[in-house]
Amino acid sequence: MTHAAAAHSAHDDTHGHPPTSTGLDNKKIAIWAFIGSECMLFASLISTYLIYKGRSVVGPYPHEACLPPGCSTPLKAILNIPVTSASTFVLLMSSLAMVLALAAVETKDQPKTTTGEKILGSSKLWLWMTAILGTTFLGFQAFEFTSFVHEGLTIRTNLFGSSFFTLTGFHGAHVTAGVLWLLTLLAIDYRRGLGPKDAINVDLAALYWHFVDVVWIAIFTLVYLIK
Amino acid sequence: MATTAAAPAIPATDSYVGTSGVWSWLTTVDHKRIGTLYLFTSLFFFLLGGLEAGMIRWQLAVPNNHVLSAEAYNQMFTMHGTTMVFLAIMPLSAAFFNYLIPLQIGARDVAFPRLNAFSYWVFLFGGIFMNASWFVGAAPNGGWFGYAPLTTLQFSPGLNIDFWVLGLQILGVSSLAAAFNFITTIINMRAPGMNLMRMPMFTWNAFVVQFLLILAFPVITIALVFLQFDRFFGTNFYTIAAGADPLLWQHLFWIFGHPEVYILVLPAFGLTSEIIPTFSRKPIFGYPVMAYATMLIAFLGFGVWAHHMFAVGMGPIADTVFGVTTMLIAIPTGVKIFNWVFTMWGGSLQFTTAMKFAIALVALFTIGGISGVMHASPPADLQQTDTYFIVAHFHYVLFGGSMMGIFGGIYYYYPKMTGRMLSEKLGNWHFWLMFIGMNLTFFPMHFSGLYGMPRRIYTYDAGQGWERFNLTSSIGTAVLFIGLLIFVYNFLIAGRRGAIAGNDPWGAGTLEWSIPSPPPEYNFARIPRVTSRLPLWDVKTPTLNAEVPHTDRGDRRLDVDVGTKHTGHSHPNPANSYPQQATESGMHIEEATGKSAKDLGIPMPNQTIKPLICAAGLTIMFTGLLFIHEDKHSLAIATILTGALIMTMSLYAWVLTPLEDHH
Ligand SMILES: [Cu+2]
């Protein structure tokens, strides 16, 4: 060890904040704890959906179903998998945009010469892109919800309606919160410019965004794809 | 006893412990003040919950009594349980988390001081919200467990359950916000040398409890969301006619509910684990095992929930699995009991009031633990479930365990919080009255339960063999009240008349005793270097600490790199030394200087009212939902939007304002 380092630590103790135990920012640890907690939230919602799958006593049903006896009049599936695949793709792309937004903020100080570097280095562009893709996903969800209501499925219709709208609605609310977070970051970016020192705050938004995205993958698989 | 000479009494001036006045309390972000607020508020709710218990025991004292109507009785036992769990024991623990965690790990505050203030205000408003139900004559009446479908609109049409559901949602926000904060604090704000395996046992228990909170609370949040949606928006989660599973609520509730038991009792275990070594003049026996046992209890705690549901007929396989996992938890719990006993074994015991409460915890919790293992066996449980035997069991766990530990903690830490000692003489009376009253109240319940007396009945006929037991229980409750009154008197007068405590009245070994009592606003003028699990004993009574391992590797943040293991009383411990600055090495003691943070150039977070406003907005938002059932829809929407607006705006104002002035 060097004398200077020791003197520096001693200085930190009295005149500033001591370094953190892990070297990580406090906010980073808190967001991971928050995400851990959110996992249990969505796990409860998803398990309830799965437990209630096939227990609705009236339609509409999520997937093609048969009414006993036999399968004389197969019931129409209400879930629109092609459309939801498209919205899932949009949400996945938003995560890519989020990664680029964070990279752009982290490397704000590095000189950019080529057009490619300038495009990749524009935090505003990628934050907008993430927010717009997120909003598009919400648009898809609004479309899906309205068409379900037109087909006679509301949150009160049956167990499927209750558990489906609550689960996807909670997810949609999380995406909405994420979009508001992104817009807040954009407002700061326009006001004073986001730089490497803000990277931690963008990183938090990114972690949250990716988490919400991963939850959607689970929902898409368990609710839409598995019959 | 290794007490320091009483520190020269430094007047607690504004500059020293912070400014005074109501506004300073409303805007405080100091973890010690927030801890104090938690302590006073939750003691108030504890007395309220105690009064509710008193009403219950008055009603049940004799057969066919009519002090309370059946409806009032339902409200009384529901609010007693809800209050004791969510408004008394949890926030009493939170009071200690707040006050002690930063002091025990050598930090100047929690990681997010404003979030901490927010947690307190949400708790306070949530408690007020829940109890406001009394004033509109609609106190919750569905039991603290709120079983659906009983609590759905069809069977509970009044506002009672609305208050309960919304109140718990508000309180959940408080617990979760606090848990994120403490997890971050403990992971990230430990003083140099404070490795995880050096953390005081209370901090260890607190750490594990925070994980239980963040993993268990979301589950009840969702169960409550379903109930809320069923009641307000007509969903079918608990509508049996729509095909709903009548056990959905029970599963979700107990997945939360069993870990909740450990949320309630582990903090008291932590306090006991601080008290017993100090008054045995020995380091705790089997420290690493204690830490691992705590983690194991928490881990297993998530896999036993269905032992609350043996009577619903889950089938032999589920019954067996949950019976076995439940019995397994007795192992790490037993390890703790034995470790406390072995800590006392061969120690020079000092029977202070705190120590008496701690020993009482060990004894009484063991009784509760043993009856717990009894109904871990499904056939036995079928005889005991829904009888007073269960009431006896969980009161031995929660009163004999949690509350005894918390009272011990109050006697132990009151000097640190106020700078003055509680009266040991009154404490002795308090302890014995409480100990006798508690056993007199709850031990007979084992028998009334085995004689078949069911829980939650508001009265009973004579001639079933229950009279003596019930009368004894009610007399015991009266004894408890006398003990409690003595405590309240002691608590209130000692702040002015108690003996001056000094830094370390008990000769303890952990960091919080190395600083003045009450601690200055910045806690530590100089962040300590932690040399072992009991760093203060390294300085004051190294012989007591000879067996405790000392630093065997350096601390990255200190650039100390030492590969050899040091044990024993070599002090200052070389591992944490600066070769060039010997005076900076090792542990130090801070005497009261009366210097403010400003004098010392220590940056402190600014006081702010925003967390309080944000918490108020949140509560207003939830209150709005109540109007839906009054059919005042526009009022409901207006209130909800107003609350949301207040909450969002104050949240933005809070987040966009830096925590402290630039330095
Ligand atoms: Cu349990």
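This is a predicted model, so every value here is computed, not measured. In every chain, residue numbers begin from 1 and rise along the written sequence. Starting at A for chains and at 1 for ligands, labels are handed out in the order in which the entities are written. Given that the model is predicted, a residue must reach a pLDDT of at least 70 before its local features are reported, and side-chain atom pairs must reach 80 or more before they are shown or counted; all residues, however, enter totals for whole chains, interfaces and linings. In computing side-chain values, all of the structure's heavy atoms are included and hydrogens and water are not.

## Topic: empty space enclosed by the protein
Here's step 1: Using protein atoms alone on a 1 Å grid, points that fit a 1.4 Å probe yet trap it form a cavity, whereas open point sets bounded by protein on both sides within 12 Å along at least five of seven lines form a pocket; residues with an atom within 4 Å of a point count as lining. Grid points are joined across faces, edges and corners, and a volume is the space filled by probe spheres set on the points. One pass over the full model with this rule turns up 4 cavities of 30 Å³ or more.
Here's step 2: In this structure, the largest cavity occupies an estimated 190 Å³ of space.
Here's step 3: Along the walls of the largest cavity sit 19 residues, with Met90, Pro91, Ala94, Ser174 and Ser175 of chain B positioned nearest its centre.
Here's step 4: The numbering of helices and of strands both runs from the N terminus, where a helix is a DSSP run of H or I of at least 4 residues and a strand a run of E of at least 2. Listing elements by their share of the lining of the largest cavity, those giving two or more residues are helix H4 (70-105), helix H6 (160-188), helix H7 (201-233) and helix H8 (248-280) of chain B.
Here's step 5: Here the second largest cavity defines a volume of roughly 70 Å³.
Here's step 6: What lines the second largest cavity is Val83, Thr84, Ser87, Phe137, Phe140, Gln141, Glu144, Trp216 and Tyr224 of chain A.

## Things to note about the confidence of the model for chain B
Residues and elements named next belong to chain B.
Here's step 1: The predictor's confidence in any single residue is recorded as pLDDT, a number from 0 to 100. Of the residues in chain B, 91% have a pLDDT of 70 or more, and the chain-wide mean is 90.
Here's step 2: Whether two residues touch is decided by their heavy atoms; if any such pair falls within 4.5 Å, the residues are in contact. Below a pLDDT of 50 lies the segment residues 1-15, which in the model reaches 27 contacts outside its immediate sequence neighbourhood of four places, other chains included.
Here's step 3: For residues 552-584, every residue scores under 50 in pLDDT, and the model assigns this stretch 79 contacts once sequence neighbours within four places are set aside.
Here's step 4: On the interface metric, ipTM, the complex scores 0.91, and its pTM is 0.92.

## Focus: the coordination of the copper ion
Residues and elements named next belong to chain B.
Here's step 1: Here the coordinating atoms are restricted to nitrogen, oxygen and sulfur within 2.8 Å of the metal centre, or 3.2 Å for Na, K and Ca, and because water is not among them the sites may look incomplete. Around the copper ion, the protein contributes the donor atoms His258 (ND1), His307 (NE2) and His308 (NE2), which lie 1.7 to 2.0 Å from the metal centre.
Here's step 2: Binding-site remark: the copper ion is held by donors from one chain whose sequence spacing is H-x48-H-H. Of this pair, His258 sits in helix H8 while His308 sits in the loop between helix H9 (287-301) and helix H10 (316-344); the two residues are 50 residues apart in sequence, bridging distant segments of the chain.

## What about the pattern of salt bridges?
Residues and elements named next belong to chain B.
Here's step 1: Every case where a carboxyl oxygen of Asp or Glu lies within 4 Å of a side-chain nitrogen of Lys or Arg is listed as a salt bridge. A complete count under the given rule lists 9 salt bridges over all chains for this structure.
Here's step 2: Two residues, Arg231 and Asp162, come together in a salt bridge whose shortest N-O distance is 2.6 Å. Of this pair, Arg231 sits in helix H7 while Asp162 sits in helix H6, and the two are 69 residues apart along the sequence.
Here's step 3: Burial classes follow relative accessibility: with a 1.4 Å probe on protein chains only, a residue under 20% of its type's maximum area counts as buried, one over 50% as exposed, and anything between as partly exposed. Classification of Asp162 by relative accessible area gives buried; the value is 0%.

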